[in-house]
Amino acid sequence: MSVDGEAVRLTTEADEPGWEVDPDDEWGVAVLATVGRQLRLRREAVAMRAADFAVAVGYGEDLVYKVEGGKRIPRQEYLDKADEVLGAGGLIAATWEDVKKVRYPKRVRELAKLEAQAVEVALYSNHNIHGLLQTEEHMRALFDAWLPAYSDEETERMVAARMARRSIFERSPAPTLSFVQEEVTLHRPVGGRMVWRRQLERLLELGQLRNVSIQVMPTRCEDHFGTGGLIEMLKFPDGTAVGRSEGAFSGRPVSELKQLRILELRYGMIRAQALTPRESRALIEQMLGET
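A quick note: this is a predicted structure, and the numbers were derived from the prediction, not measured.

Calculation rules
- Residues numbered from 1 in each chain as written.
- Predicted model: local features only at pLDDT ≥ 70, side-chain atom pairs only at ≥ 80, totals over all residues.
- Heavy atoms only, no water.
- Phe/Tyr/Trp six-rings, centres within 6.5 Å; stacked < 30°, edge-to-face > 60°.
- Buried < 20%, exposed > 50% of the residue type's maximum accessible area, 1.4 Å probe, protein only.
- Helix = DSSP H or I, 4+ residues; strand = E, 2+ residues; numbered from the N terminus.
- Expected span 1.5 Å × (residues − 1).
- Salt bridge = Lys/Arg side-chain N within 4 Å of Asp/Glu carboxyl O.
- Axes fitted to C-alpha atoms, helices over the stretch in contact; angles between N-to-C directions.
- Parallel < 35°, antiparallel > 145°, perpendicular 65-115°, else oblique.
- Left-handed = near helix turned anticlockwise from the far one by under 90°.
- Contact = heavy atoms within 4.5 Å.
- Nonpolar A, V, L, I, M, F, W, Y, C, P; charged D, E, K, R; others polar.
- Core = buried A, V, L, I, M, F, W, Y, C linked by side-chain atoms within 4.5 Å.

K.L.:
Outline the packing of aromatic side chains, listing residues and values.
P.N.:
Enumeration over the complete set of coordinates arrives at five aromatic pairs. Ring centres of Phe143 and Trp146 lie 5.2 Å apart, and the angle between their planes is 85 degrees; on these two criteria the pair is classed as edge-to-face. Overall, the relative accessible area of 33% leaves Trp146 in the partly exposed class. Their ring planes at 85 degrees and their centres at 6.4 Å tell us that Phe143 and Tyr150 sit as a pair that is edge-to-face. Given a relative accessible area of 31%, Tyr150 falls into the partly exposed group. Grouping aromatic residues by their ring pairs yields a cluster made of Phe143, Trp146 and Tyr150.

Below you can see the structure in the form of structure tokens.
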């Protein structure tokens, strides 16, 4: 969408900024219903029709009704423009602080909340480079390749959610982050040569952080304890933990001590089989030099 002062391109529904609301997300539905009602009341208070408001903000009239009805999650630029058009003095723009908390799917928010509380995170990934390590271009290339194809809106929402989780690298105090990546995931040129190169550079960049350990599991390894699939473990300040593995406990998150010990055992053996962080860095640098 672009507004150049002379013409306004009204987007199609597929292009409209914002995301559909998950009806099962009760908290999200309540927040968006409140924000939508505030927008409608403010618009009616200045006697502006929805059609005129749509033209003024540069979006379709259908989107205006959806946002005001709490059926669609607006983006920040929509709220900022609405605040300006309606002369709200920052009150509408300020609702972004509430909206941004519910713009991602419920399960992603819950995961991000756990990651934000964890003091130690251990992750083993064997199908793709782990989401926390991916560049934005790499994410988009992965989502574009999935079938059935995602809509542009779905892709944007998933990319935004995954990008938001990367704030874990900026936390203070910094959590201890341990990653083990299957070597094959680094050889796959997702998105083409330049996207691949930037992804390898990103791994080297993150690997330099004092609280981050990145290890590569060699493809040549004969006795492999990671054949059960992805493993995630998060430990918290109070000594509790939660973990998940594709190959254990039906893939469900677990928190019982006995179950966590099983995951810790598997992850510990995988780390022991993997290259050291120094060896892993050398391998990634070699791959980067060959691309």
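K.L.:
Hey, could you go over unusual backbone geometry for me, with residue numbers and the actual values?
P.N.:
Put simply, Leu147 and Pro148 share a cis peptide bond, and its omega is -5 degrees. Among the secondary structure elements, Pro148 is positioned in the loop between helix 7 (136-145) and helix 8 (152-165). The backbone of Ala47 shows a phi angle near 55 degrees, a positive value even though the residue is not glycine. Within the fold, Ala47 resides in the loop between helix 1 (26-45) and helix 2 (50-57).

K.L.:
Account for helix 8, naming residues and giving values.
P.N.:
In this model, helix 8 (14 residues) spans 20 Å end to end at C-alpha, consistent with the 20 Å of a helix rising 1.5 Å per residue. Listed as buried for helix 8 are Glu153, Thr155, Arg157, Val159, Ala160, Ala161, Arg162 and Arg165.

K.L.:
Tell me about the pattern of salt bridges, residues and numbers included.
P.N.:
All told, the structure shown has 15 salt bridges when counted by the stated rule. Lys66 is the salt-bridge partner of Asp62, the closest N and O atoms lying 3.4 Å from each other. Separated by four residues within a single helix, Asp62 and Lys66 lie in helix 3 (residues 61-68), roughly one turn from each other. Classification of Asp62 as partly exposed rests on a relative accessible area of 37%. For Lys66, a relative accessible area of 15% corresponds to the buried category. Across the pair Arg198 and Glu137 runs a salt bridge whose closest N-O atoms are separated by 2.6 Å.

K.L.:
Account for the packing of helix 7 against helix 8, naming residues and giving values.
P.N.:
Between helix 7 and helix 8, the shortest axis-to-axis distance is 10 Å and the interhelical angle comes to 140 degrees. With respect to helix 8, the element helix 7 is oriented oblique. The crossing of helix 7 and helix 8 is right-handed. Contacts between helix 7 and helix 8 involve Glu136, Met139, Arg140, Phe143 and Asp144 from the first element and Thr155, Glu156, Met158, Val159, Arg162 and Met163 from the second. Residue composition of the contact of helix 7 with helix 8, by class: five nonpolar, one polar and five charged.

K.L.:
Help me get a handle on the nonpolar core, residues and values and all.
P.N.:
Ranked by internal contacts, the top residues of the largest apolar core, which has 27 residues, are Leu133, Phe169, Phe179, Leu186, Leu200 and Leu203. Elements with a contribution of two residues or more to this core: strand 3 (120-125), strand 4 (176-182), helix 10 (193-207), strand 5 (212-217) and helix 12 (277-290). The biggest single contributor to this core is helix 10, with five residues. Excluding anything up to four places from it in sequence, Phe169 contacts Leu132, Leu133, Leu177, Phe179, Arg202, Leu206, Leu209 and Val212. Of all hydrophobic cores here, the second largest spans 22 residues; its members include Tyr59, Ile92, Trp96 and Val99.

In short, the description is geometric, and any link to function would need to be established separately.
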